[in-house]
Structure formats: C-alpha cells, structure tokens
Amino acid sequence: MHRMEDINRQTWSNSWALREYGRGKGYIDEGERVVLDRATADGPKRVLDIGVGGGRTAGLLQGKGDYLGIDYTPEMVELARRNHPSLTFRHMDARDLSALPDGAFDLVNFSYNGIDSVDQEGRMAVLREVARVLEPGGQFVFSTFHRNWDGFSKLPDYRHIEWTLDPLRLSFRLFRFIEGGILKAVRTRRHAALEVRAADHAILMHGAHDFGIMVHTTTYPHLIGQLREAGFAEVIEVFNRDGERIDADWSGSVEYVHVIARKRVTS
Ligand SMILES: C[S@@+](CC[C@H](N)C(=O)[O-])C[C@H]1O[C@@H](n2cnc3c(N)ncnc32)[C@H](O)[C@@H]1O
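Residues numbered from 1 in each chain as written. Predicted model: local features only at pLDDT ≥ 70, side-chain atom pairs only at ≥ 80, totals over all residues. Heavy atoms only, no water.

Student: Help me understand the overall build of the chain in this model?
Tutor: Regarding its fold elements, the chain presents ten helices and ten strands. Taken over the C-alpha trace, the chain has a radius of gyration of 18 Å; the compact-globule value for 267 residues is 18 Å, and the two agree within 12%. Reported as C-alpha extents along the three principal axes, the dimensions of the chain are approximately 65 × 45 × 35 Å. Taking all 267 residues of the chain together, the buried fraction comes to 53%. When contacts within the chain are restricted to residue pairs at least 6 apart in sequence, long-range pairs at least 24 apart make up 67% of them. Total accessible area on the chain stands at roughly 12600 Å², and carbon and sulfur atoms take up 53% of it. (Helix = DSSP H or I, 4+ residues; strand = E, 2+ residues; numbered from the N terminus. Rg over C-alpha atoms; globule rule 2.2 N^0.38 Å. Buried < 20%, exposed > 50% of the residue type's maximum accessible area, 1.4 Å probe, protein only. Contact = heavy atoms within 4.5 Å. Areas by Shrake-Rupley, 256 points an atom, 1.4 Å probe, with all protein chains shown as cover.)

Shown next, in the form of structure tokens:
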C-alpha cells in the first residue's frame, strides 16, 4: 500500500479538516450540480454516498430517495450524524463494501475527489465494489483529479488570511497561516520523494490542507480502462467544473472532472 494511505488518513481526521468539512454546504461547483441533477432527474433512488465527510452532499441528496452515507474516518461519520440527525451514516471503507448486498443501489456518489485518496490498487477495489452494489444500469457519480493539470507542477498554495479587526482572532489566524507555511515546507520536501508518475496516471502532492494530501490522478484513457475493467458500460459522461460536457477533451487547465458511469447491463 502506498504511503499516501497514512498521509491522507491523518489529514481527514485532523481538527482543521473536520472543521472545514463540518461546515460545507451546497455544490463545490457547477459541474457537481449538473452531474447530480442529471443522475437524479428520473425519480427517487436508493443512494449510497461514499466519503460523505461532514455531510455536505447528504444535504444535496436528501429527499432524492433512500439514503445511506459512509466514510472510513470515524470522526467524519460522527460529524455527518450531528449535521443530519434524520439520515443514516455508517463507518465503512469504500474498498470493502461487503456489509452491503449486491445490486442494493441505483446511485452511488463519491464526491470532491474522495476516490483519489487511495492508491491504484485501492481505486480498482473501490470501482469493483461500487459496480457490485449497483444494480445493472445504476449510476456512479464521482469526481477525480487530472494527471496532466498544470497546477501539479506549480503547486498552488491555498493558504490565505481572512482579515478582521478583532485582534485576538487576527493573531489566531496569523498563527495558523504561519503554521501552514511551516507544514508546507516540511511536507513538500517529505512527500516529493513519494510521488509516482506513469504516463497515464500518477500519485502527486496537492496543496489542499497545507499540502496534507497526496492524490491519485488520472487521464481519460486510464479512467475509461479502469471503469470498463470494473464492470461499467462503454459510454462514460465527463464534465468540467463549469458543467460542460468534455468527455475526452481534458486540457492542462482542467484540475479535476466530474464523471457519470453506468453499470454494464449484460443480457
Ligand atoms: C475531500 S473529503 C470530501 C468530503 C465530502 N464528500 C465533501 O465533499 O464535503 C474526502 C472524504 O472521503 C473520505 N474517504 C477517503 N477515502 C475513503 C474510502 N476509501 N472509504 C470511505 N471514505 C473515504 C475521507 O474520510 C473524507 O471524509
């Protein structure tokens, strides 16, 4: 298993990530709105929401049918339960959905590039498990990082200071900003050696969470190959963050894409 496993797990359970995902509301971008609208347009669904974090997508999928949210970070599951007491959440790893029966869902969602938290082997396990729990023709909606996004070489820094006239708050925010800068310096040095680059996919550092995550990144041919191998149908719809259908047309400015894949229907 790649070391990204420990790095990412540590980040998902830290107090800053819990604070950030605990407050999340609404769509991350227009692309997410478009794919979720398309996937839920034809009536109620049995929905499995993977990597639900603090429950941002639970709010979006509530009322679209029967809902189950899962996450492999116990603190996130607690957070989601607190934020949505009327919905069901379970602690579960997407690589092992053995607690769920075959064909139990019509729609599986894995939002905000959560699928990219695991390595190549883990990703195939997720795709096979998602295909198993979907009924034939059922939809898998997810987003995933683009291996050839030009930002991966520039490593944008997402740290910023929210200015305030309250001196106590400002000191706290300045402290956080400096702490983030130190973490960035340490992590970029440490994680650079763990990057893996193949022609069509890679495991790379990302600037989110003070450079606290490493992500599995893909290309269109690699994505299509993996989805077909796992049991999904030929036609896969790919959208950019503006909600435009791009399919194979991934330019260097595309950081991540939204995907709708359907489980193959065999006769
Ligand atoms: C980027 S956060 C997104 C949280 C939430 N979906 C949102 O959009 O606000 C990724 C989430 O996926 C979860 N996650 C990552 N890998 C997972 C896996 N193999 N099984 C279940 N959850 C996973 C993490 O614990 C984290 O809560």
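What follows picks up the thread again.
Student: In this structure, what is going on with the site of the ligand? I would like to understand it.
Tutor: Taken together, the neighbourhood of the ligand is formed by 19 residues, with Gly-51, Arg-56, Asp-71, Thr-73 and Ser-111 sitting nearest. Between a nitrogen atom of the ligand and a main-chain N or O atom of Tyr-72, the distance comes to 3.2 Å. The side chain of Asp-93 places a nitrogen or oxygen atom 3.1 Å from a nitrogen atom of the ligand. Within the complex, the protein chains bury 98% of what would otherwise be the 590 Å² of accessible surface of the ligand. Taken together, the residues of the shell around the ligand sort by class into ten nonpolar, six polar and three charged. (Near = heavy atom within 4 Å. Polar contact = N/O pair within 3.5 Å; in protein donor to acceptor, adjacent residues only side chain to side chain. Nonpolar A, V, L, I, M, F, W, Y, C, P; charged D, E, K, R; others polar.)

Student: Quick question: what am I supposed to make of the packing of helix H6 (residues 120-133) against helix H10 (residues 220-230) here?
Tutor: When two helices pack together, their arrangement is given by the angle between the helix axes and by the axis-to-axis distance. The N-to-C vectors of H6 and H10 enclose an angle of 50°; their axes lie 9 Å apart at closest approach. In terms of orientation, H6 and H10 fall into the oblique class. Relative to H10, H6 is oriented so that their crossing is right-handed. Contact residues: H6 offers Gln-120, Arg-123, Met-124, Leu-127, Arg-128 and Ala-131, while H10 offers His-222, Leu-223, Gln-226, Leu-227, Glu-229 and Ala-230. Among the residues forming the contact of H6 with H10, the class breakdown is six nonpolar, three polar and three charged. (Axes fitted to C-alpha atoms, helices over the stretch in contact; angles between N-to-C directions. Parallel < 35°, antiparallel > 145°, perpendicular 65-115°, else oblique. Left-handed = near helix turned anticlockwise from the far one by under 90°.)

Student: Would you take a moment to explain the side chain of Ser-117 for this structure?
Tutor: Relative to the helices and strands, Ser-117 is located in the loop between strand S4 (105-110) and H6. By relative accessible area, which is 7% here, Ser-117 ends up buried. Beyond its immediate chain neighbours, meaning those up to four positions away, Ser-117 contacts Met-4, Asn-8, Trp-12 and Tyr-72.

Student: Hey, could you run me through the nonpolar core in this one?
Tutor: One recurring pattern in soluble globular proteins is that nonpolar side chains are buried together. Core analysis: the biggest nonpolar cluster contains 35 residues, and Leu-48, Val-108, Phe-140, Leu-227 and Phe-232 have the highest contact counts within it. Counting residues per element, the ones that place at least two in this core are strand S1 (45-50), strand S2 (65-71), S4, H6, strand S5 (134-146), H10 and strand S10 (256-262). The biggest single contributor to this core is H6, with six residues. Counting 18 residues, the second-largest nonpolar core is a separate cluster that includes Leu-61, Tyr-67, Phe-89 and Ile-260. (Core = buried A, V, L, I, M, F, W, Y, C linked by side-chain atoms within 4.5 Å.)

Student: Before we go on, may I ask you to explain H6 in this structure?
Tutor: An α-helix turns once every 3.6 residues. As a result, residues three or four positions apart point the same way. With 14 residues, H6 should cover 20 Å at 1.5 Å per step; its first-to-last C-alpha distance of 20 Å lies within 8% of that length. If you check which residues of H6 are buried, you get Gly-122, Arg-123, Met-124, Val-126, Leu-127, Glu-129, Val-130, Ala-131 and Val-133. Looking at the packing, one finds that the buried side of H6 touches S1, S4, S5, strand S8 (213-218) and H10. (Expected span 1.5 Å × (residues − 1).)

Student: Could you clarify how one ought to interpret the side chain of Ser-111 in this entry?
Tutor: Within the fold, Ser-111 resides in the loop between S4 and H6. Judged by relative accessible area, Ser-111 falls into the buried class, the value being 9%. Not counting residues up to four positions away in its chain, the partners in contact with Ser-111 are Glu-32, Ile-50, Arg-56, Thr-57 and Ser-143.

Student: Is there a simple way to explain empty space enclosed by the protein in this structure?
Tutor: Counted under the stated rule, the structure contains one cavity of 30 Å³ or more. Estimated volume of the largest cavity: approximately 50 Å³. Lining of the largest cavity is provided by Ile-28, Glu-32, Val-35, Leu-36, Asn-109, Ser-111, Tyr-112, Val-141, Phe-142, Ser-143 and His-258. Mapped by element, the contributors of at least two residues to the lining of the largest cavity are helix H3 (30-40) and S5. Classifying every residue of the lining of the largest cavity by side-chain character gives six nonpolar, four polar and one charged. (1 Å grid on protein atoms, 1.4 Å probe; cavity = no way out; pocket = protein on both sides within 12 Å on 5 of 7 lines; lining within 4 Å. Points joined across faces, edges and corners; volume = space filled by probe spheres on them.)

These values are about where atoms sit, not about what they do.
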